[in-house]
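This is what each chain is made of:
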Amino acid sequence: MTYYSGFLLPVPTANKQKYIDMAQGAWSMFKRYGALRMVEAWGVDVPRGKVNDFYMSTQAKDDETVVFSWIEWPDKATADAGFEKMMSDPEMQGPPEMPFDGMRMMWGGFEPIVDEKA
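Sequence order sets the numbering: in each chain, residues are counted from 1 along the sequence as written. Reporting in this predicted model follows two pLDDT cut-offs: at least 70 for local features of residues, and 80 or more for side-chain atom pairs to be given and counted; totals over whole chains, interfaces and linings ignore these cut-offs and use all residues. In computing side-chain values, all of the structure's heavy atoms are included and hydrogens and water are not.

Honestly, the pattern of salt bridges in this entry has me stumped. Any pointers?
Between side chains of opposite charge, a pair can form when the charged atoms approach closely. Note on definitions: salt bridges are taken to be side-chain nitrogens of Lys or Arg within 4 Å of carboxyl oxygens of Asp or Glu. Scanning all chains against the criterion turns up four salt bridges. Between Glu64 and Arg104 there is a salt bridge, with its nearest N and O atoms 2.7 Å apart. On the criterion of sequence distance, the pair formed by Glu64 in strand 3 (residues 64–73) and Arg104 in the loop between helix 3 (76–88) and strand 4 (106–110) is long-range, its members being 40 residues apart. With a 1.4 Å probe rolled over the protein chains alone, any residue whose accessible area is under 20% of its type maximum counts as buried; one over 50% counts as exposed, and the rest are partly exposed. On the accessibility criterion, Glu64 (8% relative accessible area) is buried. In this structure, Asp101 engages Arg104 in a salt bridge whose closest nitrogen and oxygen atoms are separated by 3.1 Å. Counting from the N terminus, the helices are the DSSP runs of H or I reaching at least four residues and the strands are the DSSP runs of E reaching at least two.

Here is the structure:
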């Protein structure tokens, strides 16, 4: 069953291009370890809520933009094996400085329960 790794994180708006460059560079590794698709979405219409919202969830600052992204895998086993291999991949050892605060990034794994297409 298809499996998704989802991510939500705040990125300094000034670092947009650095984030794009980092994400594009990461795709080759994700693909090498079995990912089928990667989507990085820059927040452009993200309303502020009264109880909770994407900004509060990520503790985004005024000069940050919320990014919503996901990686599609053929199944959970492939995702688990891929992430395990990436942790020992030399490319991941001493990566360049991240263009965002990874401590405020959220992630999780998801199995689809509804998947409709036009």
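Is there a simple way to explain the nonpolar core in this structure?
Nonpolar side chains in soluble globular proteins tend to end up buried together. For the purposes of this section, nonpolar cores are sets of buried Ala, Val, Leu, Ile, Met, Phe, Trp, Tyr and Cys residues that join through side-chain atoms within 4.5 Å. Grouped together as the largest cluster of nonpolar side chains are 17 residues, with contacts concentrated most on Leu9, Val11, Tyr19, Phe30, Ile71, Trp73 and Met86. Mapped onto this core, the elements with two or more residues apiece are strand 1 (3–12), helix 1 (16–32), strand 3 and helix 3. Those residues in contact with Phe30 that sit more than four places away from it in its chain are Ala35, Met38, Ile71, Trp73, Phe83 and Met86. Leu8, Tyr55, Ala60 and Val66 belong to the second-largest nonpolar core, a separate cluster that totals five residues. We call two residues contacting when some pair of their heavy atoms lies within 4.5 Å.

What is the right way to read the environment of Asp62 from this model?
Turning to its location among the elements, Asp62 is positioned in the loop between helix 2 (54–58) and strand 3. Through-space distance from the C-alpha of Asp62 to that of Pro12 is 8.9 Å; in sequence the pair is 50 residues apart.

Quick question: what am I supposed to make of the environment of Tyr4 here?
Take Tyr4: it is sitting in strand 1. Excluding anything up to four places from it in sequence, Tyr4 contacts Trp70, Ile71, Glu72, Gly108, Gly109, Phe110, Pro112 and Asp115.

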